[in-house]
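Here's the letter readout for the chains.
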Amino acid sequence: NLACYYRRKNKLRTALSYLNKALRIEKKAEVVVNPAGTRLNLCAVLSQLDRHQEALEHAQAAVVLLQEELVQHQLARGDEDN
């Protein structure tokens with residue numbers, strides 16, 4: 001994705017712009033494939049920009065999203081066992 005490309009090129013503000021756009025799109029979408037990935041990428045870029053508190057908030061949001069996904073998978077597997 002473009003944000004990762006710009007991050008590798010050390011164009012952090014451009015990467016941040018694309019990540020924020022991605023986050024806005026994900027918030028409106030019904031189905032999102034990897035929302036935690038977007039949050040973790042935001043965390044990485046913000047940390048590189050020395051915006052550590054914001055980075056931490058995105059990291060924590062990613063953890064919550066992954067925990068929710070794990071619970072959903074566990075519930076789905078429980079349904080399969082019955």
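So, a few notes on the structure that sits alongside this text. Bear in mind the structure is a predicted one, so any value in this text is a computation, not a measurement. (Residues numbered from 1 in each chain as written. Predicted model: local features only at pLDDT ≥ 70, side-chain atom pairs only at ≥ 80, totals over all residues. Heavy atoms only, no water.)

All right, on to the packing of aromatic side chains then. The tally for this structure, following the rule as stated, stands at 2 aromatic pairs. Consider the rings of Tyr5 and Tyr6, whose centres lie 5.1 Å apart with planes at 75°: the pair is edge-to-face. Relative accessible area serves as the criterion here: at 38%, Tyr5 is assigned to the partly exposed category. Arranged with centres 5.6 Å apart and planes meeting at 0°, the rings of Tyr6 and Tyr18 form a pair that is stacked. Within this pair, whereas Tyr6 is found in helix α1 (residues 2–8), its partner Tyr18 is found in helix α2 (residues 12–28), the two being separated by 12 residues in sequence. A cation over an aromatic ring shows up here: Lys21 above the ring of Tyr18, its NZ or CZ 5.2 Å from the ring centre. (Phe/Tyr/Trp six-rings, centres within 6.5 Å; stacked < 30°, edge-to-face > 60°. Buried < 20%, exposed > 50% of the residue type's maximum accessible area, 1.4 Å probe, protein only. Helix = DSSP H or I, 4+ residues; strand = E, 2+ residues; numbered from the N terminus. Lys NZ or Arg CZ within 6 Å of the ring centre and 35° of its normal.)

We now examine the layout of surface pockets. Space inside the largest pocket adds up to approximately 170 Å³. Every residue along the wall of the largest pocket is listed here: Asn1, Leu2, Ala3, Tyr18, Leu19, Ala22, Glu26, Val32, Asn34, Gly37, Thr38 and Asn41. Elements represented by at least two residues in the lining of the largest pocket include exactly α1, α2 and α3 (35–48). Considering each element in turn, the lining of the largest pocket owes the most residues, 4 residues, to α2. A class-by-class count of the residues in the lining of the largest pocket yields 6 nonpolar, 5 polar and 1 charged. (1 Å grid on protein atoms, 1.4 Å probe; cavity = no way out; pocket = protein on both sides within 12 Å on 5 of 7 lines; lining within 4 Å. Points joined across faces, edges and corners; volume = space filled by probe spheres on them. Nonpolar A, V, L, I, M, F, W, Y, C, P; charged D, E, K, R; others polar.)

Soluble globular proteins tend to bury their nonpolar side chains together. In this structure, Leu16, Leu19, Leu42, Val45 and Leu49 are the most contacted members of the largest nonpolar core, which totals 13 residues. Per-element accounting of this core gives the leading share, 5 residues, to α2. Every residue in contact with Leu49, bar those within four places of it in the chain, is listed here: Leu12, Arg13 and Leu16. (Core = buried A, V, L, I, M, F, W, Y, C linked by side-chain atoms within 4.5 Å. Contact = heavy atoms within 4.5 Å.)

The next subject is α3. Taking 1.5 Å of rise per residue, the 14 residues of α3 would be expected to cover 20 Å, and the 20 Å separating its terminal C-alpha atoms lies within 8% of that figure. Those residues of α3 not exposed but buried are Ala36, Gly37, Thr38, Arg39, Leu42, Cys43, Ala44, Val45 and Leu46. Two residues or fewer past α3, Asp50 is found with a positive phi of approximately 60°. (Expected span 1.5 Å × (residues − 1).)

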